[in-house]
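Listed here are the chains, written in short residue letters.
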Protein chains: 2
Amino acid sequence: MPSTTQSERVDALQFDPLSGAIPGRAPTSRHLADVGASFADEQACSRLLAENPLIYQVTQVEDHDGEGQIHYGIGIIMPGKVGREYFLTKGHLHAWRPAAEVYIGLRGRGMMLLEDEHTGECRAVPLEANSTVYVPGHTAHRTVNVGDEPLVYWGILSSAAGHDYGTVGERNFRKVIVEQDGEPVVLDREEFLRELEA
Amino acid sequence: MPSTTQSERVDALQFDPLSGAIPGRAPTSRHLADVGASFADEQACSRLLAENPLIYQVTQVEDHDGEGQIHYGIGIIMPGKVGREYFLTKGHLHAWRPAAEVYIGLRGRGMMLLEDEHTGECRAVPLEANSTVYVPGHTAHRTVNVGDEPLVYWGILSSAAGHDYGTVGERNFRKVIVEQDGEPVVLDREEFLRELEA
């Protein structure tokens, strides 16, 4: 049951930029068992499933729907890796494809993968404390924590946007962000999969 | 000339939550001479016009227009008062009336006046560091700095929203936020104007 219903709308909320919590709103939690298929290294994923760590949480504020309305929410991604690949969100397209989304970083050091659904071009852009990322329409987007503390950020978008996780779930992103010599690097997924098999 | 044109779109920006600056983007500045008519106390305003203090700045990021796109920007209101009335923004309705706006406080202690354009009901809600305010459609909104440091905040809304300053300029808000015994209080404008005349 959602912690707040349409009839309990409030105009003002407080939030904790360190924990990502919005008092009075329940987060949705994603553990490794929920998002394991997003990671490239199946063996490393299987090993880590025994402890099934928390990967990320999202607290959505979706009190208002209809023309001109806005949804917003805080994401928090834990620090960590599955093999060499940094903890990440499943990623999604918007059901209403033209819908853009603005991300505002509050804490930590992350990157976003932005993949154009038409051209397949996949770019990585930084999302860090005190920075913003503009996700255009028609763009699959995934957030990745490449630092050693939680990555906390706002996402704000049209209430009409909706979420399409299925398309990303079927084909995943063309790039991965993995640790190499202690630093994050962006690799083609296929290239990284070949490395894993070698 | 805008500091960034449509052809120089960037996906990621940095910002300073203390100063409200977005490097590479030029703020619009409003001094008392620009917004004096918003304040209730004409005599206090006239006296302060000699020094014409900076009241607020806004740095808009409006790189993307069209269906599903979003505009966003940082506002910063200086601490101070005109007579007993705290420094404020002119306030506006959206030209596209249904458009909502989400405010995210980064620094300081403020309040927003939200006035329903149909009923005239005018409410004050807090906007402070680490808090949000949801401005529904059809609602004139003004931000007020009731603290002793700059008030810094993001505003995020549909690119289709537009700004209507004229309607607010003609009739102003029905409430004022003024200092009384060292604390902000919300009064009916008419009541405050009678106090000033007494």
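Quantities reported herein were computed from a predicted structural model and do not represent experimental measurements.

Criteria and cut-off values
- Within each chain, residue numbers correspond to sequence positions counted from 1 in written order.
- Chain letters and ligand numbers both follow the written order, the letters beginning at A and the numbers at 1.
- Where local features are concerned, this predicted model is filtered to residues with pLDDT of at least 70; where side-chain atom pairs are given and counted, the filter is 80 or more; whole-chain, interface and lining totals use all residues.
- Here the side-chain values reflect all heavy atoms present in the structure, with hydrogen atoms and water set aside.
- A run of DSSP states H or I qualifies as a helix once it reaches four residues; a run of E qualifies as a strand once it reaches two. Both are numbered from the N-terminal end.
- Only the C-alpha atoms count toward the radius of gyration. The rule for a globule is 2.2 Å times the residue count to the power 0.38.
- Summary of the burial criterion: residues with accessible area below 20% of their type's maximum are buried, those above 50% are exposed, and those between are partly exposed, where the area comes from a 1.4 Å probe applied to protein chains only.
- Contacts between residues were defined by any pair of non-hydrogen atoms, one from each residue, lying within 4.5 Å.
- Surface accessibility in these figures is a Shrake-Rupley result with a 1.4 Å probe; residues are shielded only by whichever protein chains are displayed.
- Throughout this description, the term salt bridge denotes a Lys or Arg side-chain nitrogen within 4 Å of a carboxyl oxygen of Asp or Glu.
- The term polar contact refers here to a pair of N or O atoms within 3.5 Å; inside protein, the definition further demands a hydrogen-donor-capable atom paired with an acceptor-capable atom, and it admits residues adjacent in sequence only when both atoms are side-chain atoms.
- Put simply, Ala, Val, Leu, Ile, Met, Phe, Trp, Tyr, Cys and Pro go in the nonpolar bin, Asp, Glu, Lys and Arg in the charged bin, and everything else, Gly too, in the polar bin.
- Any two strands between which DSSP finds at least two bridges are classified as paired.
- Least squares is the method for superposing the copies, and the C-alpha atoms it fits come from residues with pLDDT of at least 70 in both.
- Comment: axis = line fitted to C-alpha atoms, over the contacting stretch for helices; angle = value between 0 and 180 degrees taken between N-to-C directions.
- Planes of paired rings set the category: under 30 degrees apart is stacked, over 60 is edge-to-face and the rest tilted, where pairs are Phe, Tyr or Trp rings (Trp by its six-membered ring) whose centres lie within 6.5 Å.
- Only buried residues count toward a nonpolar core. Its members are Ala, Val, Leu, Ile, Met, Phe, Trp, Tyr and Cys residues joined through side-chain atoms within 4.5 Å.

*Asks:* Looking at this structure, how should I read the overall build of chain A?
*Replies:* In terms of regular secondary structure, chain A is built from four helices and 14 strands. Taken over C-alpha atoms, the radius of gyration comes to 17 Å for chain A, in line with the 16 Å a tight globule of 198 residues would show. Across its three principal axes, chain A shows a C-alpha extent of roughly 55 × 35 × 30 Å. Relative to its 198 residues, chain A shows a buried fraction of 54%. Pairs at least 24 residues apart make up 69% of the contacts formed inside chain A by residues separated by at least 6 positions. Carbon and sulfur atoms make up 47% of the accessible area of chain A, which amounts to about 8,700 Å² in all.

*Asks:* Just to check I follow, could you spell out the interface of chain A and chain B for this structure?
*Replies:* The interface is formed by 32 residues belonging to chain A together with 32 residues belonging to chain B. At the junction of chain A with chain B, the criterion picks out two salt bridges. R123(A) is the salt-bridge partner of D11(B), the closest N and O atoms lying 2.3 Å from each other. At the boundary of chain A with chain B, the tally comes to 16 residue pairs in polar contact (both at pLDDT 80 or more). Counting residues per element, the ones that place at least two in the side of chain A that touches chain B are β1 (12–14), β4 (70–77), β7 (101–107), β9 (122–128), β10 (131–135) and β12 (151–158) of chain A. For the side of chain A that touches chain B, the per-class residue count stands at 19 nonpolar, nine polar and four charged. Two elements, β10(A) and strand β1 (residues 12–14) of chain B, share three bridges in a ladder whose sense is antiparallel. Within β1(B), the residue paired with T132(A) across the bridge is L13(B).

*Asks:* Explain the relation of the copies chain A and chain B to me, please; I cannot follow it from the model alone.
*Replies:* Between the two copies of the chain lies a relationship made up of a rotation around an axis and a movement along it. Each copy superposes on the other: chain A lies on chain B with an RMSD of 0.0 Å after a rotation of 180° and an axial shift of 0.0 Å. Expressed as a symmetry operation, the mapping of one chain copy onto the other fits a two-fold axis. When the interface residues of chain A are mapped onto chain B, 100% of them are again interface residues, pointing to one common binding face.

*Asks:* It is not clear to me how the sheet that holds strand β3 (residues 54–61) of chain A should be interpreted in this structure. Could you clarify?
*Replies:* Hydrogen bonds between backbone groups are what pair the strands of a sheet, and the pairing can be parallel or antiparallel. Pairing is antiparallel across the open sheet formed by seven strands, whose spatial order is β2(A)-β3(A)-β4(A)-β12(A)-β7(A)-β10(A)-β1(B). Either end of the sheet is taken by a strand with one partner, and the two such strands are β2 (28–31) of chain A together with β1 of chain B. When the angles between neighbouring strand axes are averaged without regard to direction, this sheet yields 20°. Pairing between β4(A) and β12(A): eight bridges, direction antiparallel. Paired with G73(A) across the bridge in β12(A) is G155(A).

*Asks:* What is the right way to look at the packing of aromatic side chains in this model?
*Replies:* Pairs of aromatic rings are described using the distance from one ring centre to the other and the angle between the two planes. All names here are of chain B. Taken as a whole, this structure holds ten aromatic pairs over all chains when the rule is applied. With centroids separated by 5.1 Å and ring planes inclined at 85°, the aromatic side chains of F15 and W154 adopt a geometry described as edge-to-face. On the criterion of sequence distance, the pair formed by F15 in the loop between β1 and β2 (28–31) and W154 in strand β12 (residues 151–158) is long-range, its members being 139 residues apart. Each member of the pair F15 and W154 is classed as buried. Ring centres of Y103 and Y153 lie 5.5 Å apart, and the angle between their planes is 40°; on these two criteria the pair is classed as tilted.

*Asks:* Is there a simple way to think about the pattern of salt bridges in this case?
*Replies:* Close approach of charged atoms lets side chains of opposite charge pair. Residue and element names in this part refer to chain A. Enumeration over the complete set of coordinates arrives at 21 salt bridges over all chains. Salt-bridge contacts for R97 lead to E117; the nearest nitrogen and oxygen are separated by 3.0 Å. Placement of the pair is R97 in the loop between β6 (85–86) and β7 and E117 in the loop between β8 (109–116) and β9, with a sequence separation of 20 residues. For the pair formed by R97 and E117, the shared burial category is buried. Among the charged side chains, a network of salt bridges with common partners joins R97, E117 and D164.

*Asks:* I keep staring at the nonpolar core and nothing clicks. Help me out?
*Replies:* Within soluble globular proteins, side chains that are nonpolar generally end up buried alongside one another. Ranked by internal contacts, the top residues of the largest apolar core, which has 99 residues, are I104(A), W154(A), I104(B) and W154(B). If sequence neighbours within four positions are ignored, I104(B) has contacts with F15(A), I104(A), W154(A), I156(A), L127(B), S131(B), T132(B), V152(B), Y153(B), W154(B) and I156(B). By size, the runner-up hydrophobic cluster in this structure holds six residues, among which are A40(B), V178(B), L187(B) and F192(B).

*Asks:* It is not clear to me how the sheet that holds β9(A) should be interpreted in this structure. Could you clarify?
*Replies:* Residues and elements named next belong to chain A. Across the sheet, three strands lie side by side as β9-β8-β11; this open sheet has antiparallel pairing. The open sheet is flanked by β9 and β11 (139–145), the only strands paired with a single partner. Across the sheet, the mean angle from the axis of one strand to that of its neighbour is 25°, orientation sign disregarded. Relative to β9, β8 is paired through seven bridges, and the arrangement is antiparallel. By the bridge assignment for β9, M112 is matched with V125.

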